[in-house]
There are 4 protein chains.
Amino acid sequence: MRSDRIARILEAAAAVFAECGFERAKMDDIAERAGVAKGTIYYHFQGKDDLFCALIADVVQRLMDRWDEAARAASDPVERLRHRIEALARFLLANRRFAVMLLAEAWGNETRQQVFRAHVRELIGALERVIREGAEAGAFAVREADTAAAALFGAVSVAVLHAVFAGEPVDEERLVAQIVDQAVQGILPRG
Amino acid sequence: MRSDRIARILEAAAAVFAECGFERAKMDDIAERAGVAKGTIYYHFQGKDDLFCALIADVVQRLMDRWDEAARAASDPVERLRHRIEALARFLLANRRFAVMLLAEAWGNETRQQVFRAHVRELIGALERVIREGAEAGAFAVREADTAAAALFGAVSVAVLHAVFAGEPVDEERLVAQIVDQAVQGILPRG
Amino acid sequence: MRSDRIARILEAAAAVFAECGFERAKMDDIAERAGVAKGTIYYHFQGKDDLFCALIADVVQRLMDRWDEAARAASDPVERLRHRIEALARFLLANRRFAVMLLAEAWGNETRQQVFRAHVRELIGALERVIREGAEAGAFAVREADTAAAALFGAVSVAVLHAVFAGEPVDEERLVAQIVDQAVQGILPRG
Amino acid sequence: MRSDRIARILEAAAAVFAECGFERAKMDDIAERAGVAKGTIYYHFQGKDDLFCALIADVVQRLMDRWDEAARAASDPVERLRHRIEALARFLLANRRFAVMLLAEAWGNETRQQVFRAHVRELIGALERVIREGAEAGAFAVREADTAAAALFGAVSVAVLHAVFAGEPVDEERLVAQIVDQAVQGILPRG
DNA sequence: AATGAATGAGGCTTCATTCAT
DNA sequence: AATGAATGAAGCCTCATTCAT
């Protein structure tokens, strides 16, 4: 059973990392927000990088769990993809801070960035599998499932962030619906 | 006519900012790479933030110029959008460092991030205009042109970065072709 | 009970600030002189300005305490003023470094200078009160107690510094005696 | 005939040095204020210190000239001292910036401070001579003319600065009158 | 005589990490 | 398990001075 303190630290880390980005995030701020002494973080985590990676793993796992639920809800490949896209959009809307980190902290050659990218790859890989299955069943027309999955992932992420940072209040249902439709159908009118 | 030195500084800044991210980028490194003394940068730019913003404006302008050329090449809305997507994909492939910054440095509330976001908005706005025109002509079926544009932008960016960071050599023509097709047509087979 | 380290830092700061002036004083030197790491100063004080202000407050408080003792020693206004002048002169002789700062760092519009000036005002105000009481009792003939107090303050300070910087050894008793006499009696022979 | 440019530089230097203090004064600001290029200052002066010393010499000379005029106006020692005190007070009021420098930049062991102090010593010496003459004539009762002169000098300077920095508008005539009276007579009522 | 772009040494400050308690 | 005072390497920026023109 993970100590309550660790949970508090992770929660604080999520808030601070997302608000400031990895580099500007201060261990002092995380400690203060978590209500623990700075040394306590170092007692439970190796350092800033380790804390970051633990946090990422934690959040990605939660998203993966959602996707597993969504997967069980539909057997049709198209429906399954719709479910994943929708779950992703809703997750990013609910965890906007994480959405920022997803785009901001995954590129580069620092160890933590490589670790993060591996997680993103897992996520894109999960999308890719659905696309590949659908393609084999003739439900999707894509050349490279990998690139298609990455593109979908990017479409959802940037659409969400673009809406969130627009300044106006976000109509979530409407936004999710459009993202899902467009992601699956494209923008050309169906014949 | 901008001095040669300023051009050298901007070039060095592009390399270093993209390689390390804004925070980890060192003014010392930029100066060394540019072959100028540290103080010289400060003679021409207010500071790190100003240098960053100047760089961004410079690169965005170059992309916009490409888009303007691409726009003149096609009058059909669908073709025009294809041209823009293609130009964007090629530009990001040719300026991978900028592609990273595009996703990594545009979110947050620092002044430079707001400035960057304003530029991204310009770019997405340019896409949006094409989509809107096409939608009015019945060529596109989208609900919100703004969201659609953001999604396309994200799809291209992440697809490119995903491919670039995959470790394997990138077949650019193939990648661009798929990105363009999928961005415009979606992934469902046409009826 | 203020940590020993803080006291050591304040002591070192007093020496370095007085020796070099605020601007030329180096935090490195203060740290070295205090026998602490540079970061330690910043753990206890916000920065150079804050350290300076804390130091000033500390020294002014010590002078005020001396004056309070001196005040209890005499009930006659003339005697009380003599005591204050004497205490001031002795204090400045014993804290020559502070005497320099008193004249050198109190004028200007930097925040720290305004803070310093407020302290100087306190000191002059304390003198002024004695003068005003004495004037009401008919013991002093002054027009503006405020200006009179400032003048006395300046007379003592500059006389002390002038003697200290003259290069010759200072006969403290003789100097104090003359300063006190002249401050209270003026330079015209008594009728 | 000193070039007009040199005069403009000195004037600008006076303003900037007084406003910011020697250390914070920037050669750039002086150049801009003087309406010349930065290099021009270095063409006419060795450097910042040299510029400062030239400025000081210039101002002190002007004060000395005033004193010489004042001296010719009165043969009685008491009157002559009154004249000097009054001239000093008026001069400092009219050159408040210089008054600040007088107290702020004359103490310390930098070369320019020693030079400045030598000038201050000249001024105090001029006062001292009047006092000494008066004392020999029995007009003044002082032990050490040197200390008495320094005290008078400090009294006038601090009284003026105290009034100037008080924030309220200064009634110059009233202020000068009180300073002169008190400086010469002291604060005890005459028997 | 005058210019102003370029320089680079030097200083303040930040903050991840350590360790004695 | 937890603390928080202390550390010191590292980085941004300033500004007096130089020098080619």
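Fair warning: this is a prediction, and the values are worked out from it, not measured in the lab.

Undergrad: Go over the overall build of chain A with me, naming the residues and quoting the values.
TA: The helix and strand inventory of chain A stands at nine helices and zero strands. Its helices and strands in sequence order give chain A the pattern α-α-α-α-α-α-α-α-α, from N to C terminus. The buried share among the 191 residues of chain A stands at 55%. Here the analysis covers contacts within chain A between residues at least 6 apart in sequence; of these, 62% occur between residues at least 24 apart.

Undergrad: Please provide a residue-by-residue account of the relation of the copies chain C and chain D, values included.
TA: Rotating chain C by 180° about the axis while translating it 0.0 Å along that axis superimposes it on chain D, leaving an RMSD of 0.1 Å. Classification of the inter-copy transformation places it as that of a two-fold axis. Taken as a fraction of all interface residues of chain C, those also at the interface in chain D reach 100%, which identifies the copy contact as same-surface.

Undergrad: Describe the protein's contact with DNA strand E, with residues and values.
TA: Taken together, 30 residues lie around DNA strand E, and B:T40, B:Y43, B:H44, D:T40 and D:H44 are the ones closest in. Within 4 Å of the protein, the atoms of DNA strand E are drawn from sugar and phosphate moieties in a proportion of 72%. In this structure, a phosphate oxygen belonging to DNA strand E sits 3.4 Å away from a side-chain N or O atom of A:K26. In this structure, a phosphate oxygen belonging to DNA strand E sits 3.1 Å away from a main-chain N or O atom of B:A37. Elements represented by at least two residues in the surface near DNA strand E include exactly α3 (38–44) of chain A, α3 (38–44) of chain B, α3 (38–44) of chain C together with α3 (38–44) of chain D. The class makeup of the residues in the surface near DNA strand E is twelve nonpolar, eight polar and ten charged.

Undergrad: Break down the interface of chain C and chain D for me, with residues and values.
TA: Counting from both sides, the interface comprises 50 residues of chain C and, opposite them, 50 residues of chain D. Roughly 4700 Å² of surface becomes buried between chain C and chain D when both sides are summed, with 60% attributable to carbon and sulfur atoms. One salt bridge connects D:R174 with C:E144, and the closest N-O pair in it is separated by 2.6 Å. Along the contact surface separating chain C from chain D lie 17 residue pairs in polar contact (both at pLDDT 80 or more). Listing elements by their share of the side of chain C that touches chain D, those giving two or more residues are α1 (4–24), α5 (77–94), α6 (96–104), α7 (111–136), α8 (145–164) and α9 (172–185) of chain C. Top element by residues in the side of chain C that touches chain D is α8(C). It accounts for twelve residues. Residues of the side of chain C that touches chain D, tallied by class, amount to 29 nonpolar, ten polar and eleven charged.

Undergrad: If you had to explain the packing of α1(C) against helix α2 (residues 27–34) of chain C to someone new, which residues and values would you point to?
TA: All names here are of chain C. Close contact between α1 and α2 brings their axes to 8 Å; oriented N to C, the two are set at 135°. Taken together, the axes of α1 and α2 lie oblique to each other. In the packing of α1 onto α2, the handedness of the crossing is right-handed. Contacts from R8, I9, A12, A13, A15, V16, F17 and E19 in α1 reach D29, I30, R33 and A34 in α2.

Undergrad: With reference to specific residues and values, describe the pattern of salt bridges.
TA: Opposite charge on two side chains permits them to pair, given that their charged atoms come into close proximity. Inspection of every chain in the model, using the stated rule, returns 72 salt bridges over all chains. Across the pair B:E110 and A:R24 runs a salt bridge whose closest N-O atoms are separated by 3.2 Å. Of this pair, B:E110 sits in the loop between α6 (96–104) and α7 (111–136) while A:R24 is found in helix α1 (residues 4–24), placing the two residues in two different chains. Among the residues examined, B:E110 registers a relative accessible area of 26% and is labelled partly exposed. According to the relative accessible area criterion, A:R24 is partly exposed, its value standing at 38%. A network of salt bridges, in which partner residues are shared, links A:E23, A:E105, A:E110, A:R112 and B:R24.

Undergrad: Mind laying out the interface of chain B and chain A, listing which residues take part and the relevant values?
TA: Between chain B and chain A, the contact holds 50 residues from the first and 50 residues from the second. Both faces considered, chain B and chain A share a buried interface measuring about 4700 Å² in area, 60% of it formed by carbon and sulfur atoms. Residues B:D181 and A:R143 are paired through a salt bridge, measuring 2.2 Å at the closest nitrogen-oxygen approach. Linking chain B with chain A are 17 residue pairs in polar contact (both at pLDDT 80 or more), by the criterion used here. Tallied by class, the residues present in the side of chain B that touches chain A amount to 29 nonpolar, ten polar and eleven charged.

Undergrad: Kindly report on the relation of the copies chain B and chain A, identifying the contributing residues and their values.
TA: With an RMSD of 0.1 Å, the operation that places chain B on chain A is a rotation of 180° combined with a shift of 0.0 Å along the axis. Taken together, the interface assignments show that 100% of the residues at the interface of chain B recur at the interface of chain A, consistent with an identical surface on both copies.

Undergrad: Residue-level account of the protein's contact with DNA strand F, with values.
TA: Near DNA strand F you find 30 residues, and of these A:T40, A:H44, C:T40, C:Y43 and C:H44 are the closest. Between DNA strand F and B:K26, the relevant distance is 3.3 Å, taken from a phosphate oxygen to a side-chain nitrogen or oxygen of the residue. Here a phosphate oxygen of DNA strand F sits 3.0 Å away from a polar atom, N or O, in the main chain of D:K48. Listed by contribution, the elements that provide at least two residues to the surface near DNA strand F are α3 of chain A, α3 of chain B, α3 of chain C together with α3 of chain D. Taken together, the residues of the surface near DNA strand F break down into twelve nonpolar, eight polar and ten charged.

Undergrad: I'd like a description of the nonpolar core, backed by residues and values.
TA: What tends to happen in soluble globular proteins is that the nonpolar side chains get buried as a cluster. Within the largest apolar cluster, 149 residues are counted, with the highest numbers of intra-cluster contacts made by A:F17, A:L51, B:F17 and B:L51. Among the elements that make up this core, the one with the highest residue count is helix α8 (residues 145–164) of chain A (15 residues). Every residue in contact with A:L51, bar those within four places of it in the chain, is listed here: A:I9, A:L10, A:A13, A:F17, A:M27, A:I30, A:I41 and A:F45. By size, the runner-up hydrophobic cluster in this structure holds 148 residues, among which are C:F91, C:V130, D:A31 and D:A34.

Undergrad: Could you give an account of the UniProt feature "domain: HTH tetR-type" (unreviewed entry) in chain A, with specific residues and numbers?
TA: As annotated in UniProt, the feature "domain: HTH tetR-type" (unreviewed entry) corresponds to residues 3–63 of chain A in the numbering used here. Along residues 3–63 of chain A one finds 85% helix and 0% strand; the C-alpha atoms at either end are 22 Å apart.

Undergrad: Describe the arrangement of the chains, and please don't skip the residues or the numbers.
TA: Spatially, chain A is disjoint from chain C: no contact exists, and the shortest C-alpha separation is 12 Å. Between chain B and chain D there is no contact, and the shortest C-alpha to C-alpha distance separating them is 12 Å.

Undergrad: An account of the domain arrangement of chain A is requested, with residue identities and associated values reported.
TA: Residues and elements named next belong to chain A. Segmenting chain A into domains produces domain 1 (1–45) and domain 2 (57–185). The interface of domain 1 with domain 2 comprises nine residues on the first partner and seven residues on the second. When the two sides are added together, the surface that domain 1 and domain 2 hide from each other amounts to roughly 610 Å², 58% of it contributed by carbon and sulfur. Our count for the domain 1 to domain 2 interface comes out at two salt bridges. For the salt bridge of R112 with E23, the shortest nitrogen-to-oxygen distance reads 3.8 Å. Summed over the shared surface of domain 1 and domain 2, the result is one residue pair in polar contact (both at pLDDT 80 or more). In the side of domain 1 that touches domain 2, the residues fall into five nonpolar, one polar and three charged.

Rules behind the numbers
Residues numbered from 1 in each chain as written. Chains lettered and ligands numbered in written order. Predicted model: local features only at pLDDT ≥ 70, side-chain atom pairs only at ≥ 80, totals over all residues. Heavy atoms only, no water. Helix = DSSP H or I, 4+ residues; strand = E, 2+ residues; numbered from the N terminus. Buried < 20%, exposed > 50% of the residue type's maximum accessible area, 1.4 Å probe, protein only. Contact = heavy atoms within 4.5 Å. Least-squares fit on C-alpha atoms with pLDDT ≥ 70 in both. Near = heavy atom within 4 Å. Polar contact = N/O pair within 3.5 Å; in protein donor to acceptor, adjacent residues only side chain to side chain. Nonpolar A, V, L, I, M, F, W, Y, C, P; charged D, E, K, R; others polar. Buried area = accessible area lost by both parts, 1.4 Å probe. Salt bridge = Lys/Arg side-chain N within 4 Å of Asp/Glu carboxyl O. Axes fitted to C-alpha atoms, helices over the stretch in contact; angles between N-to-C directions. Parallel < 35°, antiparallel > 145°, perpendicular 65-115°, else oblique. Left-handed = near helix turned anticlockwise from the far one by under 90°. Core = buried A, V, L, I, M, F, W, Y, C linked by side-chain atoms within 4.5 Å. UniProt positions renumbered as here; feature names shortened; annotations may be inferred. Domains from an automatic or database assignment.

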